[in-house]
Amino acid sequence: MTGHTYQIIEIAGSSTSSYDDAIRGAIAEASQHHEHLNWWEVKEMRGHIEDGGIAHYQIVLKVGFRMS
């Protein structure tokens, strides 16, 4: 076999401080449940507004991990 096979999952994360923190937190959580995480891609970015300010940064990621 020449190459690898990957499974792709979607995960969502949020943070009260930044998109970067939302991404890092979601990937850290996914790494506790899946081995060989290899890449990620932001699919959606959005946020929650409260009292005229940003309350949460929300992201949806595609995450690929190597199966073989």
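Quick note: structure is the one above.
Residues numbered from 1 in each chain as written. Predicted model: local features only at pLDDT ≥ 70, side-chain atom pairs only at ≥ 80, totals over all residues. Heavy atoms only, no water.

Student: Would you mind going over the nonpolar core in detail, with residue names and values included?
Tutor: Ile9, Ile11, Ala22, Ile23, Ala26, Ala30, Ile59, Leu61, Val63 and Phe65 form the largest nonpolar core, which has 10 residues in total. Broken down by secondary-structure element, the contributors of at least two residues to this core are strand 1 (6–15), helix 1 (19–31) and strand 3 (53–66). Those residues in contact with Ile11 that sit more than four places away from it in its chain are Ala26, Ile27, Ala30, Ile59, Val60, Leu61 and Val63. (Core = buried A, V, L, I, M, F, W, Y, C linked by side-chain atoms within 4.5 Å. Buried < 20%, exposed > 50% of the residue type's maximum accessible area, 1.4 Å probe, protein only. Helix = DSSP H or I, 4+ residues; strand = E, 2+ residues; numbered from the N terminus. Contact = heavy atoms within 4.5 Å.)

Student: Residues and numbers for unusual backbone geometry, please.
Tutor: The backbone of His36 sits at a positive phi, close to 65°, despite the residue not being glycine. Summarising the element assignment, His36 is placed in the loop between helix 1 and strand 2 (37–50).

Student: Which residues make up the pattern of salt bridges, and what values do they have?
Tutor: Counted by the stated rule, this structure contains 3 salt bridges. Between Arg46 and Glu44 there is a salt bridge whose closest N-O contact spans 2.4 Å. The exposure class of Arg46 is partly exposed, given its relative accessible area of 39%. What makes Glu44 partly exposed here is its relative accessible area of 33%. (Salt bridge = Lys/Arg side-chain N within 4 Å of Asp/Glu carboxyl O.)

Student: Lay out the packing of aromatic side chains in plain terms, naming residues and giving numbers.
Tutor: For the coordinates displayed, the defined rule picks out 1 aromatic pair. Where Tyr19 meets Tyr57, the ring centres are 5.0 Å apart and the plane angle is 75°; that geometry is what we call edge-to-face. Taken as a pair, Tyr19 in helix 1 and Tyr57 in strand 3 lie far apart in primary sequence, 38 residues in all. By relative accessible area, which is 28% here, Tyr19 ends up partly exposed. (Phe/Tyr/Trp six-rings, centres within 6.5 Å; stacked < 30°, edge-to-face > 60°.)

Student: With reference to specific residues and values, describe the sheet that holds strand 2.
Tutor: Taking strand neighbours across the sheet as the criterion, the 3 strands line up as 1-3-2 in an open arrangement whose pairing is antiparallel. Two strands bound the open sheet, and with one partner strand each, they are strand 1 and strand 2. Across the sheet, the mean angle from the axis of one strand to that of its neighbour is 15°, orientation sign disregarded. Two strands pair when backbone bridges link them, and strand 1 and strand 3 are joined in this way by 10 bridges, in the antiparallel orientation. Of the residues in strand 3, the one forming a bridge with Ile11 is Leu61. On the sheet, helix 1 packs against strand 1, strand 2 and strand 3 and is oriented at approximately 40° with respect to strand 3. (Pairing = 2+ DSSP bridges. Axes fitted to C-alpha atoms, helices over the stretch in contact; angles between N-to-C directions.)

It is worth stressing that arrangement in space is one thing and function is another; only the former is reported here.
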